[in-house]
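In case you want the letters, here they are:
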Amino acid sequence: MAEPSKVVHVRNVGHEISENDLLQLFQPFGVITKLVMLRAKNQALLQMQDVPSAIAALQYYANVQPSIRGRNVYVQFSSHQELTTMDQNTQGRGDEPNRILLVTIHHMLYPITVEVLHQVFSPHGFVEKIVTFQKSAGFQALIQYQLRQSAVLARTSLQGRNIYDGCCQLDIQFSNLDELQVNYNNDRSRDFTNPNLPSEQKGRSSQSGYGDAAVPFPQMANAAAIAAAFGGGLPPGVTGTNERCTVLVSNLNPDRIDEDKLFNLFSLYGNIIRIKLLRNKPDHALVQMGDGFQAELAVHFLKGAILFGKRLEVNFSKHPNITQGADTHEYINSNLNRFNRNAAKNYRYCCSPTKMIHLSTLPQDVTEEEIVSHLEEHGTIVNTKLFEMNGKKQALVMFETEEQATEALVCKHASSLGGSIIRISFSQLQSIRENSQ
């Protein structure tokens, strides 16, 4: 361990972790005089008022694993005895002031357009040009001011701030470019000094220079609904920054699985574009979700779920999407996709498989006996409850195990009961009480 210092070095600081989160971790031990976020390295440096405060914090966290938003962080004494203002500028290449800013947006729950960026950055000076693009680091933008002083002012005021409450955090560096080249005025790029540019290129599909600036950012399906559902804070372990839409599912039971059953399970976490069972690996399948956030929810909640006697392995695929073909099943226009309406409500109900399933869109005259006989081939039903909400019949059915409930959902969601196509999802209730969900 380095010799004691009042400066503490924190590692594994994910982009979802804010300065405020770190302050809360260390405030119980004394006054914090400085905090530097090293976003490019997922690290932070934090200076306590004196060495004993820092020693107290590190002694405590030697026995208690510090964790923020479900992520473990690691603390040690820094080799610095003191944080100077120089240390505060060690972030990446962004040190040499320039009139062009490189902006990365983390935790992006709302779609960000040129208009939104212009609103955020124009109070600090005249913005000449904006170009947005998607890179492995996430959604990025280049913003060119008329004056270098405006860019310096904007970076100082906006670095680390959120565009929307609880999300869309700005990470700002100076770019090393001299001039932005803008060919089109649309929601992805804009030259505010030349309103006469065309809105789209003719014939060519991508603009070189800044990544695929001409490929539209895959709009997060109903982004506002996501933020509303999770109250701005995502489930622990879900970042909201994943861009990969396609999921690889393996260790399936090839004798019992098909595309529709996979659809029934994965559609709990987002809209399904298409599904492909791999012929050369019959226990593998690819599932393409509506966007990266929905894919992340599916991976997060389904990893390790048991279906037809097999424990599922669910990971992001290296393929960005599934190409259409004879052996792919299309679901993009399916009216069974659950996130076309009421997306916020559906996100709120996302969870790992449970023993309890919730049935809706039931026929008005349905009985508990009919529900039981429709589902009992899938396992031992422990309890059921039929109730009415807003004049519509709904039911809760509790199985002995999560595996039985999962099988019932996979086989019977969108099946017909008494002439109605029923919908099934997992319920987070632990038991059936006399009052309904």
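The present account deals with the structure reproduced in this document. All values derive from a computational prediction rather than experimental measurement.

**Notes on the overall build of the protein**
Thinking step 1. Counting secondary structure elements, the protein contains 10 helices and 25 strands.
Thinking step 2. Every one of the 437 residues in the protein was classed for burial, and the buried ones make up 51%.
Thinking step 3. Here the contacts in the protein between residues at least 6 apart in sequence split such that 70% fall between residues at least 24 apart.
Thinking step 4. Put simply, the protein shows about 20700 Å² of open surface, and 47% of that area lies on carbon and sulfur atoms.

**Concerning unusual backbone geometry**
Thinking step 1. For N42, which is not glycine, the phi torsion reads 55° and is therefore positive.
Thinking step 2. The topology assignment puts N42 in the loop between β2 (32-38) and β3 (43-48).
Thinking step 3. For N42, a relative accessible area of 27% translates into the label partly exposed.
Thinking step 4. You will see that F308, though not glycine, has its phi angle at about 50°, which is positive.

**Section: helix α2 (residues 51-63)**
Thinking step 1. A rise of 1.5 Å per residue sets the reference length of α2, with its 13 residues, at 18 Å; its end C-alpha atoms lie 19 Å apart and thus fit the reference within 8%.
Thinking step 2. Of the residues making up α2, those classed as buried are S53, A54, A57, L58 and Y61. The arc that holds every buried residue of α2, seen down its axis, measures 125°, which confines them to one face. Within α2, the exposed residues directed more than 90 degrees away from the buried face are P52, Q59, A62 and N63.
Thinking step 3. The secondary structure elements touched by the buried residues of α2 are β1 (7-11), α1 (19-26), β3 and β6 (74-77).

**Observations regarding the pattern of salt bridges**
Thinking step 1. Applying the stated criterion to the full structure yields 13 salt bridges.
Thinking step 2. Between R71 and E16 there is a salt bridge, with its nearest N and O atoms 2.9 Å apart. One end of the pair, R71, is in strand β5 (residues 71-72); the other, E16, is in the loop between β1 and α1, and 55 residues separate them in sequence.
Thinking step 3. Assessed through its relative accessible area of 19%, E16 is described here as buried.
Thinking step 4. A salt bridge links D21 to R69, with the shortest nitrogen-to-oxygen separation between them at 2.8 Å. Placement of the pair is D21 in helix α1 and R69 in the loop between β4 (67-68) and β5, with a sequence separation of 48 residues.
Thinking step 5. Residues participating in the shared-partner salt-bridge network are R99, E128, K129 and E179.

Thresholds applied
Residues numbered from 1 in each chain as written. Predicted model: local features only at pLDDT ≥ 70, side-chain atom pairs only at ≥ 80, totals over all residues. Heavy atoms only, no water. Helix = DSSP H or I, 4+ residues; strand = E, 2+ residues; numbered from the N terminus. Buried < 20%, exposed > 50% of the residue type's maximum accessible area, 1.4 Å probe, protein only. Contact = heavy atoms within 4.5 Å. Areas by Shrake-Rupley, 256 points an atom, 1.4 Å probe, with all protein chains shown as cover. Expected span 1.5 Å × (residues − 1). Arc of directions from axis to C-beta. Salt bridge = Lys/Arg side-chain N within 4 Å of Asp/Glu carboxyl O.

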